[in-house]
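Structural description and commentary
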Amino acid sequence: MSSLPPRFNFAEHLFALNRGRAARTAYIDDRGTLSYGQLEDRARRLAAALKAVGVRREERVLLLMLDGSDWPVSFLGSLYAGVVPVAVNTLLTADDYAYMLDHSRAQAVLTSGALLPVLQEAMARGGHEVHTLIVSQPSGALPANAQEFEAALAAAEPQDAPALTASDDPGFWLYSSGSTGKPKGTVHTHANLWWTAELFGKPVLGLTEDDVCFSAAKMYFAYGLGNALTFPLSVGATVVLMAERPTPDATFRRWVDHQPTVFFGAPTGFAGMLASPKLPAREAVALRMCSSAGEALPGEIAQRFKAHFGCEIIDGIGSTEMLHVFISNRPGDVRYGTTGKPVDGYEIELRGEDGRPVADGEVGDLYIRGPSAALMYWANREKSRETFQGGWTKSGDKYTRDADGYYTYAGRSDDMLKVSGIYVSPFEVESTLMQHPAVLEAAVIGKEDAEGLTKTKAFVVLKDGAAATEDELKAFVKERLAPYKYPRFLEFVSELPKTATGKIQRFRLREKEKQ
Ligand code: 3SK
């Protein structure tokens, strides 16, 4: 594997790679198409527009935008300028964004008109340094410090040369959530993007310029960023983007209208599609391969999908910290129910409680060593040290390896839950439930549904004489946290199992659920 020159700008790398295919379509979104030539032109204008409003190299800009072609223009334009985009989940609350603005010290925000109200609510809380908003597709009048995206691009000449970034310079951030505390600003380099394409996108997925890629995971997720930007643009492929939620109907419409050849999803999405009466016929779609990550893919779902569409689902595991997938099945070598084998270029260790590698068949904590690991969590030395240990990154997952070298998921090492591929902290849901006047205490665990997929279940103890319904408490959480975090199941109990020192024994609740 050739390594990178010391000066490396990932945006310029992609633009240079695709200059020979300027007329080819890079993106198809809800509004139309964008060619490779237009992508480069617009991104370089965006770079100039950021400079014009006073954003300087290495400063951060918050990228809070729905999936559409303005997203890659914003991301790559920022990289081109040497500005560091902080790409954030569009489903969060004003409290979450207020924290991220303050923590990242973002100087500007690139956003969608539909997200302006929640962003303004976050900014009204103070503690930020934002001086400029650039708004894509505004729906009404803009605030005084805002520019419309198209107008900002039109007013700028394309920046003539990329910022001379180093391959190890901070390129962008993604926020990663933990079981306790605030989300962690995970700092990735320009080189890390390149590594994920060279180690996974090209050799494992075998993407080519003839592919049309479509990711249900949005680009603010590390998974979606690779699927819909890094990998396809590294081979000159075409990408389908959609702003709306990836419901089965919305996904099927794109499959039929745009004929993607590679679809990237998560197990909950595949299960939902297979259960839908509108599942398209095999002949109506052009899928040659699907990828799954986010949570372990039950073998039965993959088999049913293959039986219907004749197309494999390649299950793998990645992380925000490693940027993309590091253990994966391979096309033509899929062992259903396992996550496959290490991706070449990554070393994997399963360690026991004594910190030493466990034997095959035994459960161990998953550690990864590879070149796409994040530099650190911004301004969080304690968590950085816990996760990035020398060259090794601790994933927080438990795994086993069999004698043939295939890895199988065995749960989380911490209390985090993964629901529909997104991390949910049980503590955050519990403390929100406990803000309800009728709730004395609560405990949240993961519960497998009939398909083998994890959903959240809350056990709630009400205060003496107080009353609340299941729906009321679910709605209470939904209003206060990102909507995907609310408990899908809720049971009222008279008490919670606890240790002698009063700690909730979630494992007892988990055992009870299995009976
Ligand atoms: O959740 C995963 O498995 C994943 C895969 C690729 C990139 C990022 C993540 C979190």
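Preceding block: the structure.
Computed from a predicted model, the values in this text were never measured in an experiment.

**Some thoughts on the packing of aromatic side chains**
- On inspection of all chains with the given rule, the structure shows 20 aromatic pairs.
- Ring centres of W71 and F75 lie 5.4 Å apart, and the angle between their planes is 20 degrees; this geometry places the pair in the stacked category. Of this pair, W71 and F75 both sit in helix α3 (residues 70-81), four residues apart, roughly one helical turn. Here W71 and F75 have matching classes, each one buried.
- Aromatic rings pair up to connect F214, F252, W255, F263, F270, F305 and F309 into one cluster.
- Here the basic side chain of R351 rests over the ring of Y367, its NZ or CZ set 3.9 Å away from the ring centre.
- Geometry around Y486 places K478 over its ring, the cationic atom sitting 4.4 Å from the centre.

**Considering the site of the ligand**
- Lining the immediate surroundings of the ligand are A222, Y223, A293, G294, I317, G318, S319, T320, L323, H324, V325 and K418.
- Here an oxygen atom of the ligand sits 3.2 Å away from a polar atom, N or O, in the main chain of G294.
- A distance of 2.9 Å is found between an oxygen atom of the ligand and a backbone nitrogen or oxygen belonging to G318.
- Relative to its unbound accessible area of 280 Å², the ligand is 92% covered by the protein chains.
- Breaking the shell around the ligand down by element, the ones donating at least two residues are α8 (222-235) and β14 (313-318).

**A closer look at the packing of helix α2 (residues 36-52) against α3**
- Look at α2 against α3: their axes get within 7 Å of each other, and the N-to-C directions meet at 60 degrees. Classified by the interaxial angle, the pair formed by α2 and α3 is oblique. Crossing geometry of α2 relative to α3 is assigned as right-handed. In contact with L39, R42, A43, R44, L46, A47 and L50 of α2, α3 contributes D70, P72, V73, S74, L76, G77, S78, Y80 and A81.
- Among the residues making up the contact of α2 with α3, the classes are represented as 10 nonpolar, three polar and three charged.

**Quick notes on the packing of helix α7 (residues 190-201) against α8**
- Running from N to C, α7 and α8 cross one another at 80 degrees; their axes reach a closest spacing of 9 Å. Between α7 and α8, the angle is such that the two are roughly perpendicular. Across the interface between the two elements, L193, T196, A197, F200 and G201 from α7 touch L225, T230, F231 and S234 from α8.
- When its residues are assigned to classes, the contact of α7 with α8 shows five nonpolar, four polar and no charged.

About the thresholds
- Residues numbered from 1 in each chain as written.
- Predicted model: local features only at pLDDT ≥ 70, side-chain atom pairs only at ≥ 80, totals over all residues.
- Heavy atoms only, no water.
- Phe/Tyr/Trp six-rings, centres within 6.5 Å; stacked < 30°, edge-to-face > 60°.
- Helix = DSSP H or I, 4+ residues; strand = E, 2+ residues; numbered from the N terminus.
- Buried < 20%, exposed > 50% of the residue type's maximum accessible area, 1.4 Å probe, protein only.
- Lys NZ or Arg CZ within 6 Å of the ring centre and 35° of its normal.
- Near = heavy atom within 4 Å.
- Polar contact = N/O pair within 3.5 Å; in protein donor to acceptor, adjacent residues only side chain to side chain.
- Areas by Shrake-Rupley, 256 points an atom, 1.4 Å probe, with all protein chains shown as cover.
- Axes fitted to C-alpha atoms, helices over the stretch in contact; angles between N-to-C directions.
- Parallel < 35°, antiparallel > 145°, perpendicular 65-115°, else oblique.
- Left-handed = near helix turned anticlockwise from the far one by under 90°.
- Contact = heavy atoms within 4.5 Å.
- Nonpolar A, V, L, I, M, F, W, Y, C, P; charged D, E, K, R; others polar.

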